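Notes for the structure review
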Amino acid sequence: MKGRMISPGKTEGTAIVSDEPIGFYGGIDSKTGIVIDKGHPLEGKCVKDKILVFPCGKGSTVGSYVIYGLKKNGVAPRGIINEETETIVATGVILAGIPCVDKIDIKQIKDGDTILLDADNASVTLQ
Amino acid sequence: MYLTKEEEKMLEGEKGEVLEKMFRLIVRLGDIYDADKMIPVGSVQVAGVSYKSIGDPGTVFLEDMASKDTKVQVLTYLNPAGMDLENWDKLGFPKDFAKNQLRIMSAFKKMGIVVTSTCTPYLAGNLPRFREHIAWSESSAVSFSNSVIGARTNREGGPSALAAAICGRTPNYGLHLWEKRQPTIKVNVDADLDFNSDFGALGYLVGKQVKNKIPYFVGIKNAGTDQLKALGAAMAASGAVALYHAEGLTPEADLIEKDGLETIDVGKKELEETYEKLNTGADPDIVILGCPHASIREIAYLSEKLKDKKLKKPVWICTSRMMKETADRMGFTEIIEKAGGNIVADTCMVVSPIESMGYKTTGVNSGKAANYLPSFCKQKVVFANIDKLVEGQL
């Protein structure tokens with residue numbers, strides 16, 4: 001699948017998919033990488049070393065620092081795939097250096113799929 | 001995107017490493033969102049100030065930047081910190097937390113940022129003009145400046161606002177463009193809105209429904225800046241509304257294209273249901289007002305309520321340092337403190353560590369606070385108007 005490059009890089013990993021938006025501030029613990037948003041479909045799951053797939057970001061503009069914090073604490077996802085990346089997530093992934101692509105039909109991706117994310121070429125390949 | 005010669009120099013690192021990194025970030029954002037060029041900004045407001053929000057990674061990031069002699073190019077204000085920067089000890093904020101918070105503040109100050117921490121910069125000396133391009137980040141301040149003042153800003157992330165301050169520029173896209181400021185949904189309001197909490201409930205309800213659309217309100221009979229700040233804050237918290245228009249109340253409402261909009265109706269019943277939904281507790285341990293930061297009018301109102309009274313349980317009102325100093329001078333602080341309440345400056349309940357200060361149920365009159373307190377601060381919430389909340393603590 002072809003999308004739009006938000007943040008460069010190339011990576012491979014297992015998909016963790018949310019069909020609901022993610023608010024990083026108050027939604028994911030930057031120390032553990034575990035989703036803490038009450039009632040969120042990914043609540044209790046860890047994003048570390050995964051390819052995190054969700055439609056778009058939501059909520060507080062501090063979310064960019066949470067993404068940066070995840071990376072610094074070694075619990076960041078390897079890559080991020082969105083339908084539409086808004087500025088909060090875009091800023092976070094650029095600062096943290098996490099490969100990210102958007103404009104992808106995320107319904108094609110299932111939890112547990114192995115994914116090759118080549119953000120440099122804005123492409124997502126299911127293995 | 002078109003870049004001037006000077007901007008190209010920034011990008012090539014001729015003006016230093018930090019400027020290059022920060023400019024690279026906003027150029028990247030501009031490319032992603034199809035900006036045609038960079039535009040100068042009149043002022044900036046930076047979010048990501050509380051140690052609770054940004055933690056050690058954010059603190060080190062800021063200290064590193066400050067140590068390289070980075071300076072902001074335009075008037076820059078800060079979002080609330082995690083504590084009252086002067087009275088933190090007396091109010092019971094933890095010492096370790098305070099130490100880290102003060103590190104963050106000194107990094108910002110070193111960069112030339114005005115270290116007054118408030119979500120209402122427009123009440124504290126950072127007031128943009130109509131149509132001025134700015135780069136603000138706190139979501140309620142973004143909503144107020146776009147909607148009530150008619151200035152132009154996107155919802156910036158903490159670091160992208162900081163980058164705008166350091167570079168003096170922001171990419172020209174989104175809400176900087178007139179065609180992107182047109183309403184995308186109409187909201188018919190048929191209800192009496194008496195208290196600020198009524199505006200908070202309306203905002204919470206509409207934000208949930210419209211998400212990141214641009215609402216055009218019809219039927220709000222009257223509202224001052226305090227009410228419009230409550231409305232916008234709640235919509236930005238429960239949804240991602242960065243701009244709204246209101247017939248007869250906001251400056252762009254007469255200029256926008258209003259034909260053929262999808263319409264939703266909000267009446268008394270929907271507002272009552274919203275009050276019910278936001279109430280997740282009873283009998284608050286503490287009442288915290290001032291989300292967004294209280295105006296001097298709101299502080300005066302509380303002072304009038306507490307005159308010659310004794311509180312059984314605490315009442316805080318959060319505000320900017322500037323409003324606090326005015327309240328001191330007017331004697332409002334003395335009245336509130338004599339009753340057992342506190343005016344807390346520089347911080348707010350959402351970004352302060354109230355859950356580790358022993359509070360479990362918080363009473364609020366803010367739709368924004370009611371939205372965030374359960375997840376950010378593990379609080380049960382009592383959502384009501386200021387009169388009911390204060391009377392309950394006496």
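Source: prediction; values computed, not measured.

Reading the values: the criteria
Residues numbered from 1 in each chain as written. Chains lettered and ligands numbered in written order. Predicted model: local features only at pLDDT ≥ 70, side-chain atom pairs only at ≥ 80, totals over all residues. Helix = DSSP H or I, 4+ residues; strand = E, 2+ residues; numbered from the N terminus. Rg over C-alpha atoms; globule rule 2.2 N^0.38 Å. Buried ≥ 20, exposed ≤ 12 C-beta atoms within 10 Å, placed from the backbone. Contact = placed C-beta atoms within 7 Å. Core = buried A, V, L, I, M, F, W, Y, C linked by C-beta atoms within 7 Å. Axes fitted to C-alpha atoms, helices over the stretch in contact; angles between N-to-C directions. Parallel < 35°, antiparallel > 145°, perpendicular 65-115°, else oblique. Nonpolar A, V, L, I, M, F, W, Y, C, P; charged D, E, K, R; others polar. Domains from an automatic or database assignment. Pairing = 2+ DSSP bridges. pLDDT = per-residue confidence, 0-100.

Attention now goes to the overall build of chain A. Within chain A one finds two helices and seven strands. Helices (α) and strands (β) of chain A occur, in sequence order from the N terminus, as β-β-β-α-β-α-β-β-β. Over its C-alpha atoms chain A spans a radius of gyration of 13 Å, differing by no more than 12% from the 14 Å that the globule rule assigns to 127 residues. Principal-axis analysis of the C-alpha atoms places the extent of chain A at approximately 30 × 25 × 25 Å. In chain A, buried positions account for 53% of the 127 residues. Considering only residue pairs separated by 6 or more positions, chain A has 70% of its internal contacts joining residues 24 or more positions apart.

Another point: the nonpolar core. Val-93 of chain A together with Leu-202, Met-349 and Leu-373 of chain B are the most contacted members of the largest nonpolar core, which totals 164 residues. Not counting residues within four places of it along the chain, the set of residues in contact with Leu-202 of chain B comprises Val-189, Leu-193, Leu-231, Val-266 and Leu-271 of chain B.

It is worth spelling out the packing of helix α7 (residues 196-210) of chain B against helix α9 (residues 268-278) of chain B at this point. Residue and element names in this part refer to chain B. Running from N to C, α7 and α9 point in directions that differ by 90°, and their axes come no closer than 9 Å. Classified by the interaxial angle, the pair formed by α7 and α9 is roughly perpendicular. Counted together, Asp-198, Ala-201, Leu-202, Tyr-204 and Leu-205 of α7 and Glu-270, Leu-271, Thr-274, Tyr-275 and Leu-278 of α9 form the full contact between these two elements. Split into classes, the residues belonging to the contact of α7 with α9 amount to seven nonpolar, one polar and two charged.

Glancing now at the environment of Lys-38 of chain A. Residues and elements named next belong to chain A. Along the chain, Lys-38 falls in the loop between β2 (10-17) and β3 (51-54). Judged by the 11 C-beta atoms lying within 10 Å of it, Lys-38 is exposed. Placed 11 residues apart in sequence, Lys-38 and Gly-27 show a C-alpha to C-alpha distance of 8.1 Å.

Another aspect to go through is the interface of chain B and chain A. Accessible area lost during the coming together of the parts is what is often quoted as the interface size. Listed as interface residues are 24 residues of chain B and, on the opposing side, 24 residues of chain A. The set of elements that each furnish at least two residues to the side of chain B that touches chain A consists of α2 (17-32), α3 (51-67), α6 (158-167) and α13 (367-376) of chain B. Tallying contributions element by element places α3 of chain B first for the side of chain B that touches chain A, with six residues.

This part covers the domain arrangement of chain B. Residue and element names in this part refer to chain B. As assigned here, chain B comprises domain 1 (5-178), domain 2 (182-276) and domain 3 (279-393). One C-alpha centre belongs to domain 1, the other to domain 2; they are set 27 Å apart. Between domain 1 and domain 2, the residue contacts involve 14 residues of the former and 16 residues of the latter. A breakdown of the residues in the side of domain 1 that touches domain 2 according to their chemical character gives five nonpolar, eight polar and one charged.

Next up on the list: the pairing of strand β6 (residues 114-118) of chain A. All names here are of chain A. Of the two faces of β6, only one is covered, namely that formed by Ile-115 and Leu-117; the face formed by Thr-114, Leu-116 and Asp-118 stays uncovered. Of the pairings in the sheet, the one linking β2 to β6 comprises five bridges and is antiparallel in character. Its bridge partner lying in β6, Thr-11 is registered against Leu-117. The sheet contact formed by β6 and strand β7 (residues 123-126) spans four bridges and is antiparallel. Paired with Leu-116 across the two strands is Thr-125, which belongs to β7. Hairpin connection of β6 to β7: four residues between the antiparallel strands, including Ala-122 at a positive phi of 55°.

Before going further, it helps to spend a moment on the sheet that holds strand β10 (residues 286-289) of chain B. Residue and element names in this part refer to chain B. Taken in spatial order, the five strands line up as β12-β11-β10-β13-β14 in an open sheet, and their pairing is parallel. The open sheet has two edge strands, β12 (342-345) and β14 (380-383), and neither has a second partner. This sheet shows a mean twist of 30° between the axes of neighbouring strands, independent of strand direction.

The next subject is the confidence of the model for chain B. Of all residues in chain B, 100% attain a pLDDT of 70 or more, and the chain-wide mean is 95. Overall fold confidence (pTM) sits at 0.88, and the ipTM for the predicted complex is 0.73.

Pairing between sheet strands relies on hydrogen bonds along the backbone, with the strands arranged either parallel or antiparallel. Residues and elements named next belong to chain A. With respect to topology, seven strands assemble into an open sheet ordered β1-β5-β4-β3-β2-β6-β7, the strand pairing being mixed. Each end of this open sheet is capped by a strand with a single partner; those strands are β1 (4-7) and β7. Averaged over all pairs of adjacent strands, the angle between strand axes in this sheet comes to 30°, irrespective of strand direction. Here three bridges tie β2 to β3, and the two strands are oriented parallel to one another. Within β3, the position partnered with Ala-15 by the bridge is Ile-51.

In an α-helix, one full turn covers 3.6 residues, which means residues spaced three or four apart are oriented alike. Among the 10 residues that make up helix α1 (residues 63-72) of chain A, eight are buried, leaving the element largely enclosed by the rest of the structure. Along α1 of chain A, the positions that sit buried rather than exposed are Gly-63, Ser-64, Tyr-65, Val-66, Ile-67, Tyr-68, Gly-69 and Leu-70 of chain A. For α1 of chain A, the secondary structure elements touched by its buried residues are α2 (87-96) of chain A together with α3 and α6 of chain B.

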